[in-house]
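# A closer look at the structure
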Amino acid sequence: MSKKPIYYSQVDPKWKDKIYSAIGDPSQTIGRAGCGPTAAAMVAATFLKDPKITPVGLAAFSVSHGHRTKDNGTSFSLFEDVGKEFGFDVVYTWDFNKALQAIKDGFLVIGRAKKGLWTNGGHFILWYGIEAERRPNGQQWVLINDPNSVLPSKSRAPIEIFKAQVMPFFICKSKGAISALEQVEALMEILSRKIKITDKATLKMELVDNYNSSMWWVIKRLLSEYPEKKPVGHSLYSEIESVIPIGDPPALKAELDRLDNSSMWWVIDKLLDTRR
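Now for a look at the structure at hand. Values in this document were obtained by computation on a predicted structure and should not be read as measured data. (Residues numbered from 1 in each chain as written. Predicted model: local features only at pLDDT ≥ 70, side-chain atom pairs only at ≥ 80, totals over all residues. Heavy atoms only, no water.)

### Quick word on the sheet that holds strand β1 (residues 88–93)
Within a sheet, each strand pairs with its neighbour through backbone hydrogen bonds, oriented either parallel or antiparallel. Worth spelling out the cut-off: Strands are treated as partners if at least two bridges between them are detected by DSSP. Helix and strand definitions here come from DSSP, where helices need a minimum of 4 consecutive H or I residues and strands a minimum of 2 consecutive E residues; each element is numbered from the N-terminal end. Note on definitions: angles span 0 to 180 degrees between N-to-C directions of axes, and those axes are lines fitted to C-alpha atoms, for helices only across the stretch in contact.
One open sheet holds the 6 strands; their spatial order is β1-β6-β2-β3-β4-β5, and the pairing between them is antiparallel. A strand with exactly one partner marks an edge of an open sheet, and here the two such strands are β1 and β5 (156–158). The sheet shows a mean angle of 35 degrees between the axes of neighbouring strands, direction not considered. Summarising the sheet, strand β4 (residues 141–145) and β5 pair through 3 bridges and their orientation is antiparallel. Within β5, the position partnered with W141 by the bridge is P158.

Okay, here's the thing in structure tokens:
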């Protein structure tokens with residue numbers, strides 16, 4: 001999911017001092033050791049679109065269901081139990097590539113960070129996406145909700161650092177969610193009825209790589225019902241703007257430049273052709 005999920009901080013004044021302990025120790029609080037239930041609360045609140053699901057409730061759930069350890073934080077078993085409680089699937093894995101594919105498919109992934117960028121010990125963080133643009137040095141950066149920090153250095157990081165410091169993973173998938181590949185295949189089928197696609201393999205690859213991008217959204221909007229309007233202007237962007245409302249103009253312009261003459265660009269142009 002490229003869209004940022006609900007964010008909670010374990011050190012939020014509303015709950016940072018609330019006890020999170022299996023032994024009644026008042027020094028064990030959500031602020032000190034509640035990264036696990038906080039990460040789980042972000043996933044559950046996002047999937048259910050319910051801001052009433054908070055770290056307080058998930059911390060209580062963790063304790064009552066035996067997932068709070070005496071002194072080491074939260075057991076891995078919490079996340080699967082939370083999934084069962086709130087109706088979403090959780091898959092436990094040590095396979096980074098499997099977790100990466102889950103992110104590309106639009107799912108959420110809780111990961112346990114070891115000593116490094118995010119923690120001096122053990123710490124649960126929520127991975128929700130990858131930056132659309134590579135950095136000038138070619139690096140890809142991950143997008144993170146860190147329960148203990150909103151610093152930019154903790155919210156975005158090179159994927160190589162993340163891969164080296166975070167493991168295992170808990171892939172969280174809402175009920176009924178389908179993968180990027182499944183969505184692409186469905187979209188390809190609809191597109192094939194509208195226009196002749198000359199290179200299906202390349203288009204399919206680009207749609208997967210740019211899943212949930214602005215261009216993806218434009219293609220889907222062009223296929224949906226809207227009042228017919230005669231396109232005006234000479235650039236592709238102007239023509240798109242003339243027939244559909246664009247939610248994020250700067251992002252779309254940047255993508256059109258980056259993917260100039262790509263298959264996605266060509267498909268949008270062909271779809272506009274049918275309305276000229």
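So much for the structure itself; the text now carries on.
### Digging into the packing of helix α3 (residues 55–64) against helix α4 (residues 77–86)
Think of two packed helices as two axes; the pair is described by the angle between the axes and how far apart they sit. Formally: Roughly parallel means an angle under 35 degrees; roughly antiparallel, over 145; roughly perpendicular, 65 to 115; everything else is oblique. Two helices crossing with the near one rotated counterclockwise from the far one by less than a right angle form a left-handed crossing, whereas a clockwise rotation gives a right-handed crossing. In what follows, a contact means two residues having at least one pair of non-hydrogen atoms within 4.5 Å. Put simply, Ala, Val, Leu, Ile, Met, Phe, Trp, Tyr, Cys and Pro go in the nonpolar bin, Asp, Glu, Lys and Arg in the charged bin, and everything else, Gly too, in the polar bin.
The interhelical angle for the contact between α3 and α4, taken along N-to-C directions, is 115 degrees, at an axis separation of 11 Å. With respect to each other, α3 and α4 are oriented roughly perpendicular. As for how α3 packs across α4, the hand of that crossing is right-handed. Of the residues in α4, those touching α3 at L58, F61 and S62 are L78, D81, V82, E85 and F86. Its residues assigned to classes, the contact of α3 with α4 comprises 5 nonpolar, 1 polar and 2 charged.

### Considering the packing of aromatic side chains
Condition: Whether two aromatic rings pair depends on their centres lying within 6.5 Å, for rings of Phe, Tyr and Trp, where Trp uses its six-membered ring; planes under 30 degrees apart make the pair stacked, over 60 edge-to-face, and the rest tilted. When a residue's accessible area, from a 1.4 Å probe over protein chains only, is under 20% of the maximum for its type it is buried; when over 50% it is exposed; and in between it is partly exposed. Two limits define a charge over a ring: the Lys NZ or Arg CZ must be within 6 Å of the ring centre, and within 35 degrees of the ring normal.
Summed over the entire model, instances satisfying the criterion amount to 15 aromatic pairs. Taken together, a centroid distance of 5.9 Å and an interplanar angle of 90 degrees make the contact between W118 and F162 edge-to-face. Of this pair, W118 sits in the loop between β2 (108–113) and β3 (123–130) while F162 sits in helix α7 (residues 159–165), and the two are 44 residues apart along the sequence. In this structure W118 comes out as buried when scored by relative accessible area, which is 4%. Assessed through its relative accessible area of 1%, F162 is described here as buried. Through pairs of rings, three or more aromatic residues link up here, namely F76, F79, Y92, F124 and F170. Over the ring of W15 we find K14; its NZ or CZ atom is 5.0 Å from the centre of that ring. Of note, R68 hangs over the ring of Y20, and the distance from its end group to the ring centre comes to 4.6 Å.

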